Amino acid sequence: MPIKEIDIVVKDEGTADEIQVRIGHLLCGFPLGLTSVNHVRGLDWRCRFTVNEGIDVGFRKIAELQSVLAGEFDIRLVERVSGPAAHLV
């Protein structure tokens, strides 16, 4: 089962709108899109990424996404929302 959604919590002093714009520029042509940014606490923001329709994404692409984001943000947490490990409870 391929990964469909993933949450990444980043630390940033910006607003949700500013974070969306910055991440949007980083993800140009990437197979995942940013679907929401929600404030968690303090400077932490939960960013939900969803795989583009018709594309299968594995862990290698998630690692690449983290690498791209780490150039701009401090990553606090990475959590699969839907995909292989999310269903093993």
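Here the structure is a predicted model, which is why all the values come from computation and not from measurement. (Residues numbered from 1 in each chain as written. Predicted model: local features only at pLDDT ≥ 70, side-chain atom pairs only at ≥ 80, totals over all residues. Heavy atoms only, no water.)

> When you look at the overall build of the protein in this model, what are you seeing that I'm missing?
Along the protein, the regular secondary structure elements total 2 helices and 4 strands. Taken from N to C terminus, the helices and strands of the protein fall in the order β-α-β-β-α-β. By principal-axis analysis of the C-alpha atoms, the protein measures approximately 35 × 30 × 20 Å. In the protein, which comprises 89 residues, the share counted as buried stands at 31%. (Helix = DSSP H or I, 4+ residues; strand = E, 2+ residues; numbered from the N terminus. Buried < 20%, exposed > 50% of the residue type's maximum accessible area, 1.4 Å probe, protein only.)

> Would you explain the nonpolar core in this entry?
Here is a general trend for soluble globular proteins: nonpolar side chains tend to be buried in one another's company. Formed by 19 residues in total, the largest nonpolar core has its most connected members in Ile19, Ile23, Leu32, Cys47, Phe49, Leu65 and Leu69. Going through the elements one at a time, β1 (5-11), α1 (16-26), β2 (32-41), β3 (44-51) and α2 (59-70) are the ones with two or more residues in this core. Of all the elements, β3 adds the most residues to this core, at 4 residues. Contact partners of leucine 65, with chain neighbours within four places excluded, come to Ile6, Ile8, Leu27, Phe30 and Phe49. (Core = buried A, V, L, I, M, F, W, Y, C linked by side-chain atoms within 4.5 Å. Contact = heavy atoms within 4.5 Å.)

> Where do I start with the pattern of salt bridges in this structure?
For side chains of opposite charge, pairing can occur when their charged atoms come near one another. With the rule as written, the count across this model stands at 7 salt bridges. Note that aspartate 12 is salt-bridged to arginine 22, the shortest N-O span being 2.9 Å. Linking aspartate 12 in the loop between β1 and α1 with arginine 22 in helix α1, this pair joins segments that are 10 residues apart in sequence. Note on arginine 22: relative accessible area 25%, which makes it partly exposed. Across the pair glutamate 79 and arginine 46 runs a salt bridge whose closest N-O atoms are separated by 3.2 Å. Here glutamate 79 is found in strand β4 (residues 74-82), whereas its partner arginine 46 is found in strand β3, with 33 residues between them in sequence. Here the salt bridges do not stand alone but share partners, grouping Asp7, Arg46, Arg48 and Glu79 into one network. (Salt bridge = Lys/Arg side-chain N within 4 Å of Asp/Glu carboxyl O.)

> Please explain the pairing of β2 as it appears in this structure.
Regular strands show a simple pattern: their side chains alternate between the two faces of the sheet. Taken together, the 8 bridges between β2 and β3 define a ladder with antiparallel strand orientation. Across the sheet, histidine 39 pairs through a bridge with tryptophan 45, a residue of β3. (Pairing = 2+ DSSP bridges.)

> Explain the packing of aromatic side chains to me, please; I cannot follow it from the model alone.
Two aromatic rings are characterised by how far apart their centres lie and by the angle between their planes. Inspection of the entire model under this criterion finds 0 aromatic pairs. Sitting over the face of the ring of phenylalanine 30, lysine 61 holds its NZ or CZ atom 5.5 Å from the ring centroid. (Phe/Tyr/Trp six-rings, centres within 6.5 Å; stacked < 30°, edge-to-face > 60°. Lys NZ or Arg CZ within 6 Å of the ring centre and 35° of its normal.)

> Explanation requested: the sheet that holds β1 in the structure shown.
Note: strands within a sheet are paired through backbone hydrogen bonds, in either parallel or antiparallel orientation. The antiparallel open sheet is built from 4 strands, whose spatial order is β2-β3-β1-β4. Edge positions in the sheet fall to β2 and β4, since each of these pairs with one other strand and no more. The mean angle between the axes of side-by-side strands here comes to 20°, regardless of whether they run parallel or antiparallel. Strands β2 and β3 of the sheet are contacted by α1, whose axis makes an angle of about 150° with β2. (Axes fitted to C-alpha atoms, helices over the stretch in contact; angles between N-to-C directions.)

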